[in-house]
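# Structural description and commentary
Given next are the chains, with one letter for each unit.
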Amino acid sequence: MNFDVLQLIDSAFPIGSFAHSGGLEAVCTLTDTGFRGPRGDTTIRDGPEFEKFEQWTLCILENAGCLQVPFVRDAIGANGNIEEIAQLDRKLHVLMSNHVGKRASLQQGKSLAALVRTTFSRHPQAECFQALSDAVTGGRLAGHFPVVFGFVCSVFQLDAESAAGIFLFGVLRALIGSAVRLGLFGPIKAQETQNNLQCRLPDLIERSLVITEPHICHPVLEIAQSAHDKILSYRVSRNNMALGWWRCRAEHVAVALTLLTNAFAVPEISTQILPPIRRLVRAVQGPGSNLVTLRPSSSGSTRTRDSLLGEQMYFDEPMVPSGHHRLVPTPPAPNSEPAVTPAPTQGPPLWSAFIPLLAMSRIAGVSKGSAEKGILPLLMSSLAGSSNTLAGTTIGGTMPGNPLAALGPGLGGALDGLGFRGFGMDPFGGLLDGFGGGPMAGFGAAFDGPGLMSNPFAGLFGTSFGHRSPPGNSPAVQRINPPSQVPVDVAQHSSRTSLNTNLHTP
Amino acid sequence: MSLGNELLSELEGEVEVRSDDHGAYLNATEKCHEFCCSKVSLLLSRYPMKIWIPQINPARRSGCTWLFGVQFGGGLVEGDNVRCKITVQANCCVLYASLGQNKAYQCAVGKTVCQKNDFHVGPNSALFVLPDPTLLQKESALSQYQVTRVASNGNLVLLDWYISGREGLLEHWEGASLRSVNSIHMDGVEIFRDVMCLSGDLTLRRASMGKYRVIGLCVVVGDVVGRHLADAIKALSIGNSYGVAADTNQIVACSPLYSDCSDTVVCGHVIRFCYSTTITAYEGVADILNPIFAMAGGNPFEKNY
């Protein structure tokens, strides 16, 4: 038994294929499959819906079989000749004009090339892996996954049929995993589905191995996958929405604490409790807002360094909540009096301070009773937890390899333990957290990133933000729609919403 | 004349467009002042293809030369093997369109219809290949192969789109086969290749096509057209707004096209789309290509839907 091959096809082998849905996510969101509502609240059940899902999955498999398997076959036929591999790689690079699929293919291929070099360093033909890795890092190979995979299989002396089978099995496994993460069905149903679909693979392998001109046979899938960035940016917007929600809540809390301080005139609160709270609030409002780093691209648009799925995205709008409410101070009327700080007695009633705390507790999944028992510790821990978790998850998603990648899910799990349900949200959470220690730490965290957004907790973020204005003298809530028509300066936006109670005078 | 006969033995249509020797650059106030006045220096066509040059050029003010490629019978029938070559010399601007939807008619089992287009775009030139969509009738078998060679500073807009069938007869992607290959070379290096093949299991094909009646792609290459289409491409790259459900009646996506493997030099874009109705497809494509219509001097789809 070839244990090296078993290790290669093991789901724990961190090449990032887990994070690739093969276009399934885009299909669910952009077409009327009916699998999933806009808030991800639909689950596939048995019957025609499930049959439809199986058909879509087969279509994705056919696309992979018709386009990529011929390259796996040809890479095996190259017998380790790097020059031939480079030609195949170039051919696939030109053929794969869908930038989303190309990105995923390149990242998986590069990961595989780097990983086999280190993992199989004691293999009798380790120099082949070294040569492959050198070619990728040296730029001779773009490093597409099917080509690199075929090369590795040829070193392991697998025949084309076995390699194609392993390749398509990996695609199917990733698709089923993505479906579970999308909430289409549970893990047990997933295994049943995978088993049902596996029986279709031999026929597909047979057809794929005789293809002379690689092609796409289901173009709508290709088109939907090309549009994947749109839904990702939608999700990142939701991520920003989450951050905006925390900003909003942090400001609520700060206002409430200020009022409490003024009302009770307790010096300890002013000197000891309030400053760290303010620092946390600023931490949420300030640097933590850099969820995704933008830089100008050569095409004129802006592009993220890496997206939550370990793929690059394109953005032409600032990373602020888009198409929804954001906090903007109401400009004073032309002839109105200058802004005056409201006296504490003119503010909202004292009980209003508890509203954001209770709301926060409820959304975070803490029972009403436990929230009432210790509001202040809860406040502290929730603020700290939220900022850390957001930072850990998102930084991990944007910076593959960052040690914080493992920190995010870890904190999420810790918060789960504390009763903040919703942070450790997916059935594969534990499995994906395992990526944290490996060289593909970014993928693990990146997968958690979308996971965060695709769970009901994210929906709560989305529905809650903007619908509750702060009590009393609050910043005005304006609707900005569409976002592209209004230039928004992030820094300006942050300064406007900074912790300053004087700001809220209408 | 001998040259013409020789060419006709190989091709069903050939056009060559050169810059007008006597014509200077158009007045800067004209719409399309990036390119020279141009004239058709060679025009050959034979059955079943005909290439028309409109006597009254709808774009006479823009300097763009319009050409219409027409098939006798309004489409391709079994056994047709149409090859067309269009050469655009330096500093010219050409629009190649059709006068209506081209059709691929029913073929006997095992027979196909072949169409091969060969486009050459010279330096500082522009070629807009904007035909109407090809309607794929039930049991049609079409094989289309389009190769475009563009100079490094040439410009190209290549539209290739298909309709699922005759709506009145409830045809929906029931053609026997469709094979479409689009290949673009820049300075001898292939920078884009798209191979789409619809054949095999009809149930799966229908499932994946869903309600979409029109699918296609539009490739944009070159600085000048890229500059004109920058806003449209930017709009296609923006994600959906929060809280707004995606319009499932259409999917439009844009991918950058790189001139090398390092993915650093963007030389164009690939716009892929699918629409649920023909009319929305026409309107959507016209919206995207509106700046190109301004360059070309008009909308070739204006009265076609």
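Residues numbered from 1 in each chain as written. Chains lettered and ligands numbered in written order. Predicted model: local features only at pLDDT ≥ 70, side-chain atom pairs only at ≥ 80, totals over all residues. Heavy atoms only, no water.

Going by this rule: UniProt positions are given in the numbering used here, feature names are shortened, and annotations may be inferred rather than shown by experiment.
Per an unreviewed UniProt entry, chain B is named Urease accessory protein D, and its organism is Hypsibius exemplaris. Under Sequence similarities (unreviewed entry), UniProt gives the following word-for-word description of chain B: "Belongs to the UreD family."

An unreviewed UniProt entry lists chain A under the name Urease accessory protein F, with Hypsibius exemplaris as the source organism. Listed in UniProt under the heading Sequence similarities (unreviewed entry), the comment for chain A reads: "Belongs to the UreF family."

### Observations concerning the overall build of chain B
Spelled out, the test is: Put simply, DSSP H or I for four residues or longer makes a helix, DSSP E for two residues or longer makes a strand, and each gets a number counted from the N terminus. The buried label goes to any residue with under 20% of its type's maximum accessible area, the exposed label to any with over 50%, and the partly exposed label to all in between, with areas taken from a 1.4 Å probe on protein chains only. The Shrake-Rupley method, run with a 1.4 Å probe sphere, supplies the accessible areas, and residue values consider only the shown protein chains as cover.
A count of helices and strands for chain B gives six helices and 18 strands. When each of the 305 residues of chain B is scored for burial, the buried share is 56%. With the model as given, the accessible surface of chain B reaches about 12,200 Å², and the carbon-plus-sulfur share is 51%.

### So, the overall build of chain A
Let me state the cut-off plainly: Pairs of residues are marked as contacts when any of their non-hydrogen atoms sit within 4.5 Å.
Counting its secondary structure elements, chain A contains 22 helices and five strands. Here the contacts in chain A between residues at least 6 apart in sequence split such that 77% fall between residues at least 24 apart.

### Digging into the environment of Thr 87 of chain B
All names here are of chain B. Residue position: Thr 87 is located in strand 6 (residues 81-88). According to the relative accessible area criterion, Thr 87 is buried, its value standing at 13%. Sequence-wise, Thr 87 and Val 40 are 47 residues apart; in three dimensions their C-alpha atoms are separated by 9.9 Å. Not counting the four nearest positions on each side in its chain, Thr 87 is found in contact with Val 15, Glu 16, Val 17 and His 120.

### Some thoughts on the sheet that holds strand 15 (residues 189-198) of chain B
All names here are of chain B. To keep it simple, the criterion reads: Two strands form a pair only when DSSP identifies at least two bridges running between them. To obtain each axis, a line is fitted to C-alpha atoms, and for helices this fit is confined to the stretch in contact; angles are then taken between N-to-C directions over 0 to 180 degrees.
With respect to topology, seven strands assemble into an open sheet ordered 2-1-6-9-12-14-15, the strand pairing being mixed. Here the strands that pair on one side only, and so sit at the sheet edges, are strand 2 (38-45) and strand 15. Put simply, the sheet's adjacent strands are angled 10 degrees from each other on average, direction ignored.

### Describing a nonpolar patch on the surface
Residue and element names in this part refer to chain A. Applied cut-off: Like-charged residues are merged into a patch within 9 Å and nonpolar side chains (Val, Leu, Ile, Met, Phe, Trp, Tyr) within 5 Å, provided each residue has over 30% relative accessible area and no salt bridge. In the sections that follow, a salt bridge refers to a side-chain nitrogen of Lys or Arg positioned within 4 Å of a carboxyl oxygen of Asp or Glu.
Taken together, the side chains of Met 1, Phe 3 and Leu 6 make up a nonpolar region of the molecular surface, amounting to roughly 400 Å² of accessible area. In this fold, Leu 6 is placed in helix 1 (residues 3-9). On the basis of relative accessible area, Leu 6 is assigned to the partly exposed category, the value being 39%.

### Considerations on helix 9 (residues 160-181) of chain A
Note on helix geometry: an α-helix contains 3.6 residues per turn, so any two residues three or four positions apart are oriented the same way. Selection rule: To estimate the expected span of a helix, count its residues, drop one, and scale the result by 1.5 Å.
When the terminal C-alpha atoms of helix 9 of chain A are compared, their 31 Å separation across 22 residues agrees well with the 32 Å that a helix rising 1.5 Å per residue should span. A large share of helix 9 of chain A lies buried, amounting to 18 of its 22 residues.

### Quick notes on unusual backbone geometry
All names here are of chain B. In this chain, Tyr 47 is followed by Pro 48 through a cis amide linkage whose omega measures 5 degrees. Backbone geometry at Leu 170 places phi at a positive 60 degrees, although glycine is not the residue there. For Leu 170, the location among the structural elements is in the loop between strand 13 (155-163) and strand 14 (177-186). Here Leu 170 falls in the exposed class, since its relative accessible area comes to 71%. Non-glycine residue Asp 187 carries a positive phi angle of around 50 degrees. Turning to its location among the elements, Asp 187 is positioned in the loop between strand 14 and strand 15. Among the residues examined, Asp 187 registers a relative accessible area of 51% and is labelled exposed.

### What to know about the state of the cysteines
Residue and element names in this part refer to chain B. Counted only if it meets this: To count as a disulfide, a pair of cysteine sulfur atoms needs to be within 2.5 Å.
Per the stated rule, a full pass over the model turns up zero disulfides over all chains. Sulfur of Cys 114: no disulfide; nearest cysteine sulfur belongs to Cys 107 and is 9.3 Å away. Residue Cys 114 is classed as partly exposed on the basis of its relative accessible area of 27%.

### Comments concerning helix 5 (residues 82-95) of chain A
What counts here: We call two N or O atoms a polar contact when they sit within 3.5 Å, provided that within protein one can donate a hydrogen and the other can accept it, with sequence-adjacent residues counted only if both atoms are side-chain atoms.
Counted at 1.5 Å a residue, the expected span for helix 5 of chain A with its 14 residues is 20 Å, and the 20 Å between its end C-alpha atoms agrees. Residues Ile 82, Ile 85, Ala 86, Leu 88, Asp 89, Leu 92, His 93, Val 94 and Leu 95 of chain A constitute the buried set of helix 5 of chain A. Packed against the buried residues of helix 5 of chain A are helix 3 (48-67), helix 4 (69-77), helix 6 (99-119), helix 7 (126-137) and helix 8 (145-155) of chain A together with strand 15 of chain B. At the N-terminal end of helix 5 of chain A, a side-chain oxygen is found 2.9 Å from the backbone nitrogen of Glu 83 of chain A, two or three residues along, and the residue is Asn 81 of chain A.

### With respect to the confidence of the model for chain B
Residues and elements named next belong to chain B. Heads up, the rule is: A residue's pLDDT is the confidence the predictor assigns to it, expressed on a 0 to 100 scale.
Scored by pLDDT, chain B has a mean of 85; 88% of the residues are at 70 or more. The low-confidence segment residues 1-8 (pLDDT under 50) makes seven contacts with residues lying over four places distant or belonging to another chain. Ignoring residues within four places in sequence, the model shows residues 22-32, a span with pLDDT below 50, making 19 contacts including any to other chains. Among the prediction metrics, the complex's ipTM stands at 0.90, with pTM recorded as 0.68.

### As for the nonpolar core
To keep it simple, the criterion reads: Nine residue types can take part in a nonpolar core, namely buried Ala, Val, Leu, Ile, Met, Phe, Trp, Tyr and Cys, and a core is a set of them joined through side-chain atoms within 4.5 Å.
Ranked by size, the top nonpolar core spans 131 residues in total, and within it Leu 112, Phe 149, Val 152 and Phe 185 of chain A together with Ile 86, Leu 127 and Ile 184 of chain B carry the most contacts. In terms of residue count, helix 9 of chain A provides more of this core than any other element does, eleven residues in total. Residues contacting Ile 184 of chain B, with those up to four places away along its chain left out, are Thr 148, Val 150, Leu 156, Leu 158, Val 189, Glu 190, Ile 191, Phe 192, Val 219 and Val 221 of chain B. In this structure, Phe 68, Phe 128, Leu 130 and Phe 301 of chain B belong to the second largest nonpolar core, which totals 41 residues.

### Thoughts on the pattern of salt bridges
In the structure shown here, the tally under the stated rule is 15 salt bridges over all chains. One salt bridge connects Lys 189 of chain A with Glu 192 of chain A, and the closest N-O pair in it is separated by 3.5 Å. Of this pair, Lys 189 of chain A and Glu 192 of chain A are both found in helix 10 (residues 187-198), three residues apart, which corresponds to roughly one turn of the helix. Among the residues examined, Glu 192 of chain A registers a relative accessible area of 43% and is labelled partly exposed. Between Arg 149 of chain B and Asp 118 of chain B there is a salt bridge, and its shortest N-O distance comes to 3.3 Å. Of this pair, Arg 149 of chain B sits in strand 12 (residues 141-150) while Asp 118 of chain B is found in strand 9 (residues 113-121), placing the two residues 31 residues apart along the sequence.

### Quick word on the packing of helix 4 of chain A against helix 9 of chain A
Residues and elements named next belong to chain A. Quick note on the threshold: Relative orientations are named as follows: roughly parallel for angles under 35 degrees, roughly antiparallel for angles over 145 degrees, roughly perpendicular for angles from 65 to 115 degrees, and oblique for any other angle. Here is the rule for handedness: rotate from the far helix to the near one, and if that takes an anticlockwise turn smaller than a right angle the crossing is left-handed, while a clockwise turn gives right-handed.
Where helix 4 meets helix 9, the closest approach of the two axes is 9 Å, and the angle between their N-to-C directions is 140 degrees. The angle between helix 4 and helix 9 places the two elements in the oblique class. By crossing handedness, the relation of helix 4 to helix 9 is classed as right-handed. Here Val 69, Val 72, Arg 73 and Ile 76 of helix 4 lie close against helix 9, whose contacting residues are Ala 160, Ala 163, Ala 164, Phe 167 and Leu 168.

### Focus on the side chain of Asn 63 of chain A
Residue and element names in this part refer to chain A. Within the secondary structure layout, Asn 63 lies in helix 3. When its relative accessible area of 9% is taken as the criterion, Asn 63 is described as buried. Within the structure, the side chain of Asn 63 is placed 2.9 Å from the backbone nitrogen of His 218, a separation counted as a polar contact. Filtering out sequence-adjacent residues up to four positions away, Asn 63 remains in contact with Gln 68, His 215, Ile 216, Cys 217, His 218, Leu 221 and Glu 222.

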